Amino acid sequence: MIIMAQNIDLQGKTNSPFLLEMKNVTVVKSGKKILDSLSLSIEQGEHVAIIGPNGSGKSSLIKTFTKEYYPLASADGLVLNIMGKGTWNVFELRKLLGIVSGDLQQTYCREVSVLDVVLSGFFSSIGIYYNHEVTPEMKSRAWEVLKFLEISHLADRMMSELSSGEARRALIGRALVHDPQALILDEPANSLDLKALHSFRECIRKIAGLGKSVILVTHNLEDIIPEINRVVLIKDGKIFRDGKKEEILTDENLSELFSLPVEVLKINGYYTAVV
Ligand SMILES: Nc1ncnc2c1ncn2[C@@H]1O[C@H](COP(=O)(O)OP(=O)(O)OP(=O)(O)O)[C@@H](O)[C@H]1O
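Please read all numbers here as calculations on a predicted model, not as lab measurements.

S.K.: An account of the overall build of the chain is needed here, citing residue identities and associated values.
M.R.: The helix and strand tally for the chain stands at nine helices and 11 strands. The C-alpha radius of gyration of the chain comes to 19 Å, within 12% of the 19 Å expected for a compact globule of 275 residues. Here the C-alpha coordinates of the chain stretch approximately 50 × 45 × 35 Å along the principal axes. In the chain, which comprises 275 residues, the proportion classed as buried is 37%. Sequence-distant contacts, at least 24 apart, represent 68% of the contacts inside the chain between residues at least 6 apart.

S.K.: With reference to specific residues and values, describe the site of the ligand.
M.R.: Around the ligand, the structure places Lys29, Ser30, Ile34, Gly52, Asn54, Gly55, Ser56, Gly57, Lys58, Ser59, Ser60 and His219. Broken down by element, the residue count for the shell around the ligand peaks at three residues, all from helix α1 (residues 58–65). The residue makeup of the shell around the ligand, split by class, is one nonpolar, nine polar and two charged.

S.K.: Before we move on, could you go through the nonpolar core and cite the residues and values that matter?
M.R.: Core analysis: the biggest nonpolar cluster contains 69 residues, and Ile50, Val118, Ala170 and Ile215 have the highest contact counts within it. Residue contributions to this core peak at six residues, all from helix α6 (residues 164–176). Each residue touching Ile50, except ones within four places of it in the same chain, is listed here: Lys58, Leu61, Ile215, Leu216, Val217, Val232 and Ile234.

S.K.: I'd like a description of the sheet that holds strand β8 (residues 230–235), backed by residues and values.
M.R.: Taken in spatial order, the six strands of this open sheet run β5-β6-β7-β3-β8-β9, and their pairing is mixed. Where the open sheet ends on each side, the last strands, each with one partner, are β5 (97–101) and β9 (238–244). Strand-to-strand twist of the sheet, defined as the mean angle between neighbouring strand axes without regard to direction, takes the value 15°.

S.K.: Which residues make up the sheet that holds strand β1 (residues 18–29), and what values go with them?
M.R.: Taken together, the three strands give an open sheet; going across it, the order is β2-β1-β4, and neighbouring strands pair in antiparallel fashion. Edge strands, defined here as strands with exactly one partner in the open sheet, are β2 (32–43) and β4 (79–82). For this sheet, the mean inter-axis angle between neighbouring strands, taken without regard to orientation, is 25°. Strand direction decides the pairing type here: β1 and β2, joined by eight bridges, are antiparallel.

S.K.: Could you give an account of the environment of Lys206, with specific residues and numbers?
M.R.: Topologically, Lys206 is positioned in helix α7 (residues 194–208). Classification of Lys206 by C-beta neighbours within 10 Å gives partly exposed; the count is 15. Sequence-wise, Lys206 and Asp223 are 17 residues apart; in three dimensions their C-alpha atoms are separated by 14 Å.

S.K.: Describe the packing of α6 against α7, with residues and values.
M.R.: In the contact formed by α6 and α7, the axes pass within 10 Å of each other and the chain directions differ by 15°. Regarding the angle of α6 to α7, the classification is roughly parallel. When the axes of α6 and α7 are compared, the crossing they make is right-handed. On the side of α6, the interface is formed by Ser164, Gly165, Arg168, Arg169 and Ile172, while α7 contributes Ala196, Ser199, Phe200 and Cys203. Partitioned by chemical class, the residues of the contact of α6 with α7 number four nonpolar, three polar and two charged.

S.K.: Can you tell me about the confidence of the model for the chain, naming the residues and giving the values?
M.R.: The predicted model of the chain averages 87 in pLDDT, with 93% of residues at 70 or higher. Here residues 1–12 scores under 50 on pLDDT; set against residues more than four positions off or in separate chains, the count is 24 contacts. Reported confidences for the modelled complex are a pTM of 0.88 and an ipTM of 0.97.

S.K.: Describe the pairing of strand β3 (residues 48–51), with residues and values.
M.R.: Looking along a regular strand, one sees the side chains alternate between the two faces of the sheet. On β3, burial covers both faces: Val48 and Ile50 on one face and Ala49 and Ile51 on the other are all buried. Relative to strand β7 (residues 213–218), β3 runs parallel, the two sharing four bridges. Residue pairing across strands places Val48 opposite Ile215, the latter belonging to β7. Alignment of β3 against β8, held across four bridges, turns out to be parallel. Looking at β8, one finds that Ile50 is bridged to Val232.

S.K.: Run through unusual backbone geometry, naming residues and quoting values.
M.R.: Backbone geometry at Met83 places phi at a positive 50°, although glycine is not the residue there. Structurally, Met83 is set in the loop between β4 and α2 (90–96). The class for Met83 is buried, based on 21 C-beta atoms found within 10 Å. The phi dihedral of Glu150 is positive, around 60°, even though this residue is not glycine.

Scoring rules and cut-offs
- Residues numbered from 1 in each chain as written.
- Predicted model: local features only at pLDDT ≥ 70, side-chain atom pairs only at ≥ 80, totals over all residues.
- Helix = DSSP H or I, 4+ residues; strand = E, 2+ residues; numbered from the N terminus.
- Rg over C-alpha atoms; globule rule 2.2 N^0.38 Å.
- Buried ≥ 20, exposed ≤ 12 C-beta atoms within 10 Å, placed from the backbone.
- Contact = placed C-beta atoms within 7 Å.
- Near = placed C-beta within 6 Å.
- Nonpolar A, V, L, I, M, F, W, Y, C, P; charged D, E, K, R; others polar.
- Core = buried A, V, L, I, M, F, W, Y, C linked by C-beta atoms within 7 Å.
- Pairing = 2+ DSSP bridges.
- Axes fitted to C-alpha atoms, helices over the stretch in contact; angles between N-to-C directions.
- Parallel < 35°, antiparallel > 145°, perpendicular 65-115°, else oblique.
- Left-handed = near helix turned anticlockwise from the far one by under 90°.
- pLDDT = per-residue confidence, 0-100.

If you want it as structure tokens, here you go:
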């Protein structure tokens, strides 16, 4: 089944071959450089894993991408283009970038039905309110997404009652409902048990097969689905390594990244790190 947005205006879509172009991006918070002259380009449709230890700057990189954090001007020439454009209405931008993070899941631990969670993606809101005009096209699209994610049976359930895996899927539905150019997953598999992890990965693989970029931010190699073939390692706010998965995920690189001896194993197309 191919999911397509129905007559929904996606302002600002461009034809740039690049999803993201960053050059000389430095972000300072509380007087500390949390991204340090970082340069990174990601093409439309490319699947990338961004890996780094706690505090290395992964989430800050995503927040800069989604215009939550702003970089400093650079003498070497700052570039921060998203889908070919430097200036964005952040609400439009966030609809084109489907974002699923642990922070978002925290905000949804309350009485909102799964259907409303998915519909709220049209309004970039947390739930549906009286001022939101939900059209029949939006409802039909929301049901299409629920079906695609195999969670139609959860439509009337409250988020507060769901397991972590089910809630994560509902949030993916919220991200997908607007037919985004990319799905950005920040630590998506945290707190999932083995079965939930397996079905979550299968779900992301299905989305990767739709031709949308999947950008996965994690410190767990196990989260890297086989469709991701580029890995970016980030350390101390800088790009430490960037390249083909097989060339980047080595004992040497991972040991240096995490500052301890690490052995990388590959099993059935997935990677794991042993310390
Ligand atoms: N708004 C902020 N104010 C102050 N410091 C910040 C802010 N945002 C991030 N930082 C700091 O920047 C550094 C990088 O944080 P970031 O959340 O990007 O790391 P991360 O790689 O995503 O870590 P984790 O894997 O633990 O989520 C950390 O030292 C963090 O404390």
